Every structure is written in C-alpha cells, then in structure tokens.
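Structural overview
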Amino acid sequence: MHHAPADAAREAPLHLWRHARLATLDGAAPWGWVERGALLTRGQDIAWVGEESALPAGLAPEQEHDLGGALVTPGVVDCHTHLVYGGDRAAEFEQRLLGASYEDIARAGGGIRATVAATRAASNEQLFARAAARARVLMAEGVTTLEVKSGYGLAAEHESRCLAVARRLGHELPLAVRTTSLAAHALPPEYAGNADDYIAAACTWLAEQHAQGLVDAVDAFCERIGFTLAQTERVFQAAQRLGLPVKLHAEQLSDMGGAQLAARYGALSCDHLEHLSADGIAAMAGAGTVAVLLPGAYYFLRETKLPPVAALRAAGVPIAIATDHNPGSSPTLSPLLMLHMACTFFRLTPEEAWRGLTVNGARALGLADRGVLRAGSRADFAVWDAEHPREMAYRFGHHPCRRVVFGGTERTTP
Ligand code: DI6
Ligand code: FE
C-alpha cells in the first residue's frame, strides 16, 4: 500500500532546530527577522517557524539540533545556469588578453562553437562528472535548488544527453534540479545560414524530450547574434503546445523587444535585461514575469550598460539574481559573489539581493514552495557563520556557509 504524500508527511518525525537567528525573508518586516528563533521540520517541510519562546507546547520532537545562535537563511536558489558542457574557455580568455578579438577566436573555431564541439565529444559520464563537481561548489555556498539549461549540444541526441545529465544531478546529489531546454541558444554549424530550419528541428526535439520527462521549462537566446523575435516565438509556441512554461535570454546586448514577446507568453522570467526598455518593463509587470539579473556576465563581458533596476523596482517587477554559470560569459561558481555584485554594480539593497537569490529565484522557476522560511515551505535552509545576512552582500570572496539542510535532512558538505 502506498501512503498519500500528506499522510507520509504527518507520520514523518518532527525535528527541532533551535537557538537560531532567522532571516525568514517572509512577510513585510525587514528580512523577516526573528532574533531568538526556532524551526520545526517534519519530513521535507517546515512545520513551524518563530520565536523559540513561542514554540507550540506539548510537542515531542524526535531530534533537537542546537544551532548555537547561528544565522539561518532559506537555501540559495540559483535560477539560471548552463552547468552541463565539455571543455572550458580559459585559453580563449588568455588569448583575448593577449590581443585576439572575439571574431579572430570565432573564426578559429573558438567561442561557443568550441564548447559545442567539446560537449558533443564528451561522454555522458564525463559530462556528469564535470557538472557534478561544479554543482558541489555551488552547494558549498548554500545552493539547494539549481536550474540547469541545455544549449551546448545543439543536436537532438546531444541536447537530450545534456538534459539527462542535468536530471541525473538532481537524482544523485542532495539538491533540487530544474531543467530548461535551450536548444535555441546558438546556431550549430550543420545549420549555418539556415536558422529557420534549425528552429523547426529544435521544436520537434522538444516534444520528444518532454515525453521523456527531461524538460521543466523552455528558453531561447533572442539577440542579433542569437535568434530573431519570430524564431523565438516559434519556440514559445512549441512550448505552449506542450504546456511547458517559457523563459528568455532577453535584451542582453540590444533591445530586441524580447521581454514584450515573453510577457505575451506568460514567461516565468526574462534574464540579463541590460538593454530592457520601458515598454518591456511594463509588459513584464503586467505578466508577473521575474527579472533575473546576472551580474557575473555583466562583469565578465565588461558590459557598461546597467539593467534598469530603479524602473523595475518602481514597476513592482520581482528581481532575482543568479550565477549564469557558463564557460563563455560567466565562469563563476559563486552565488555569494553574485549577491555582492548585485549590490555593487546594480545597486540592489542587501535584502533585495538576498530575496533575489532565494524567493524570487524560486519564482523565476515557477516554484512557490521554497525561498522563504515559512510553515508549509520546503525545509531547505543554510546556516552561516555570520551575525547578519547583509555581511554576505558586503564581503566578497568569503564563504561562511557552515551547514545546509535540504528537505529536512542535513547535507554533509562536500
Ligand atoms: N548569453 C550569454 O552570455 C551566454 N549565452 C547566452 O545566451 C554565452 C554563452 C557562451 O559564450 O558560451
Ligand atoms: Fe545564460
């Protein structure tokens, strides 16, 4: 006999996590702060959060964990990564510093095409081992939910392999993984000069990948060097036919009007957004689309145009922050550095940046059950060697994450 999930949750043992300073990020109070806090977890979920002095009486928790007055935040949600790929582009970085232009490198078979070739040449085991090593670095900084995009296979077989590797990360590591199909990332060499045919092919792969349970969302790179608005819309239509939510790499290098298109398809998020227009902001606000800001790519590409943070804030568009980990434009594995850079470059407040790395990151993935410490949410939280979460926004190159609880179970740090 199988128990219904609700019954299983009721039967799971109760754990008390006490003597904590909580940044719940729940409610309107600054940080959702609880100075002398405690959490009760049952199974994978939080059963109760509050002042320890207000703990419900008469409970007999099976285990009690004394957190010694440490700071607790929700687990970190990295809602935009390209974690699965072969090779790296460190030599290309070096060549550029020695004077080679992006075009020189591209003509010599470098850039994104080099990553596609290395990804296709890598075995599933190699792709998995490399991606798992990267995921462990992210996890050491408190990541409990991770989005992983395909987009370096750019052929049916290789896109499916990359999505399957991403799925396997979620099965083999104590981490929640959401997969996004990004076949519309770049034009593979087989389709040079034939982007419309490539998009038609990619739309047919999507149905197959979805049938295999490999896809949670669909993304595209709408850009002069990526795909046009019309091609992006065909990808969105294919996603819509399958009932899959969409996201978009939008207005990263130029204002294509991608945000307006994405909003018409009810996009979960638009990401990058340095060149986002007032019309794009209004469309996103109307659709409830999250703005995912990616300070790592802004920094690494030495971008100078800032995303319109004040206007996004004024329009009430939720703002998320992510690593955008990829070998070409954001080879970082530090969500905490992104937290810092969101403040220094983009002028987010430390609390906005933290909400960006937790609750709004979750929202960018369509997940309402995490990102805050609240009764009913998933028991995903991080314990920090810090007095206050603003310290992690202030310091950089600093990793004070000490313990992580994922789905109610303490994770052993890698
Ligand atoms: N925007 C980016 O910055 C990366 N992809 C994208 O859509 C670059 C990917 C790469 O250069 O490998
Ligand atoms: Fe990206």
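Residues numbered from 1 in each chain as written. Chains lettered and ligands numbered in written order. Predicted model: local features only at pLDDT ≥ 70, side-chain atom pairs only at ≥ 80, totals over all residues. Heavy atoms only, no water.

So, about the coordination of the iron ion (ligand 2). Metal coordination angles have textbook ideals: 109.5 degrees for a tetrahedral set of four donors and 90 or 180 degrees for an octahedral set of six. Protein coordination at the iron ion (ligand 2) comes from H80 (NE2), H82 (NE2), H249 (NE2) and D324 (OD), with a distance range of 2.1 to 2.3 Å. Relative to the metal, the four donor atoms surrounding the iron ion (ligand 2) lie at angles of 81 to 167°, and the coordination shape comes out irregular. Sequence spacing of the donors to the iron ion (ligand 2): H-x1-H-x166-H-x74-D. (Donors = N, O, S within 2.8 Å, 3.2 Å for Na, K, Ca; no water. Tetrahedral: all angles 85-135°; square planar, octahedral: opposite > 155°, others 65-115°.)

This part covers the packing of aromatic side chains. Each aromatic ring pair is summarised here by two numbers: the centre-to-centre distance and the angle between the ring planes. One pass over the structure, following the stated rule, counts 11 aromatic pairs. Aromatic side chains Y298 and F345 sit 5.3 Å apart centroid to centroid with 55° between the ring planes, which places their arrangement in the tilted category. Taken together, the residues span a long stretch of sequence, with Y298 in helix 11 (residues 295-300) and F345 in the loop between helix 13 (335-344) and helix 14 (350-356) at a distance of 47 residues. On the basis of relative accessible area, Y298 is assigned to the buried category, the value being 9%. Residues W354 and W384 carry aromatic rings whose centres are separated by 5.7 Å and whose planes lie at 85° to one another, so their mutual orientation is edge-to-face. Separated by 30 residues along the polypeptide, W354 in helix 14 and W384 in strand 13 (residues 381-384) bring together distant segments of the chain. For the residue pair W354 and W384, the accessibility class agrees, reading buried in each case. Each residue in the set Y191, Y198, W205 and F227 is aromatic and connected to the rest through ring pairs, giving one cluster. Residue placement shows R134 over the ring face of Y85; its charged tip is 3.7 Å from the ring centre. Across from the ring centre of F406, 4.8 Å away, lies the NZ or CZ of R378, which sits over that ring. (Phe/Tyr/Trp six-rings, centres within 6.5 Å; stacked < 30°, edge-to-face > 60°. Helix = DSSP H or I, 4+ residues; strand = E, 2+ residues; numbered from the N terminus. Buried < 20%, exposed > 50% of the residue type's maximum accessible area, 1.4 Å probe, protein only. Lys NZ or Arg CZ within 6 Å of the ring centre and 35° of its normal.)

In this section: the sheet that holds strand 9 (residues 247-250). Reading across the sheet, the four strands line up as 9-10-11-12 and stay open at both edges, with parallel pairing between neighbours. Each edge of the open sheet carries a strand with a single partner, namely strand 9 and strand 12 (319-321). Mean inter-strand twist for the sheet, computed between neighbouring axes without regard to direction, equals 25°. The pairing of strand 10 (residues 269-272) with strand 11 (residues 290-293) spans three bridges and is parallel. Across the sheet, residue D271 finds its bridge partner in strand 11, namely V292. (Pairing = 2+ DSSP bridges. Axes fitted to C-alpha atoms, helices over the stretch in contact; angles between N-to-C directions.)

This next bit is on the nonpolar core. In terms of nonpolar packing, the biggest core is built from 92 residues, with L169, L348 and W384 touching the most fellow members. Tallying contributions element by element places helix 7 (residues 195-211) first for this core, with eight residues. Each of two domains, domain 1 (4-73 + 371-410) and domain 2 (76-364), supplies a minimum of three residues to this core. Excluding residues that lie within four positions of it along the chain, L169 makes contacts with L83, F128, A131, A132, V148 and V177. Of all hydrophobic cores here, the second largest spans 14 residues; its members include A20, L39, A70 and F381. (Core = buried A, V, L, I, M, F, W, Y, C linked by side-chain atoms within 4.5 Å. Domains from an automatic or database assignment. Contact = heavy atoms within 4.5 Å.)

As a structural note, the neighbourhood of ligand 1 is formed by R89, I112, Y152, H185, F221, H249, Q252, H272, N326, G328 and S329. A distance of 2.6 Å separates an oxygen atom of ligand 1 from a polar atom in the side chain of Y152. The contact in question runs from an oxygen atom of ligand 1 to an N or O atom on the side chain of S329, over 2.6 Å. Its residues assigned to classes, the shell around ligand 1 comprises three nonpolar, seven polar and one charged. (Near = heavy atom within 4 Å. Polar contact = N/O pair within 3.5 Å; in protein donor to acceptor, adjacent residues only side chain to side chain. Nonpolar A, V, L, I, M, F, W, Y, C, P; charged D, E, K, R; others polar.)

Our next topic: the pairing of strand 1 (residues 14-23). For strand 1, a buried count of eight out of 10 residues is recorded, marking the element as mostly surrounded by other parts of the structure. As defined by bridge partners, strand 1 adjoins strand 2 (residues 33-42) across seven bridges and the pair is classed as antiparallel. When the sheet's bridge partners are listed, A23 is paired in strand 2 with W33. Sheet analysis places strand 1 next to strand 4 (residues 63-74), joined by seven bridges and oriented parallel. Paired with L22 across the strands is V72, a residue of strand 4.

Here the focus is unusual backbone geometry. Despite not being glycine, L25 has its phi angle at roughly 55°, a positive value. Tracing the backbone shows L25 in the loop between strand 1 and strand 2.

Once that is clear, we can look at the environment of A166. Among the structural elements, A166 can be located in helix 6 (residues 156-172). Distance in space between the C-alpha atoms of A166 and A29 is 37 Å, their sequence separation being 137 residues. Excluding residues that lie within four positions of it along the chain, A166 makes contacts with V84, V148, V177 and T179.

If you walk across this open sheet you meet the seven strands as 3-2-1-4-13-14-15, and the pairing is mixed. Looking at which strands have only one partner, the edges of the open sheet turn out to be strand 3 (45-51) and strand 15 (409-411). Averaged over neighbouring strand pairs, the angle between their axes works out to 40° when direction is ignored. Inspection of the sheet shows strand 2 paired to strand 3 by six bridges, in the antiparallel sense. If you follow T41 over to strand 3, its bridge partner there is I46.

Geometric descriptors of this kind do not, in isolation, establish any biological role.
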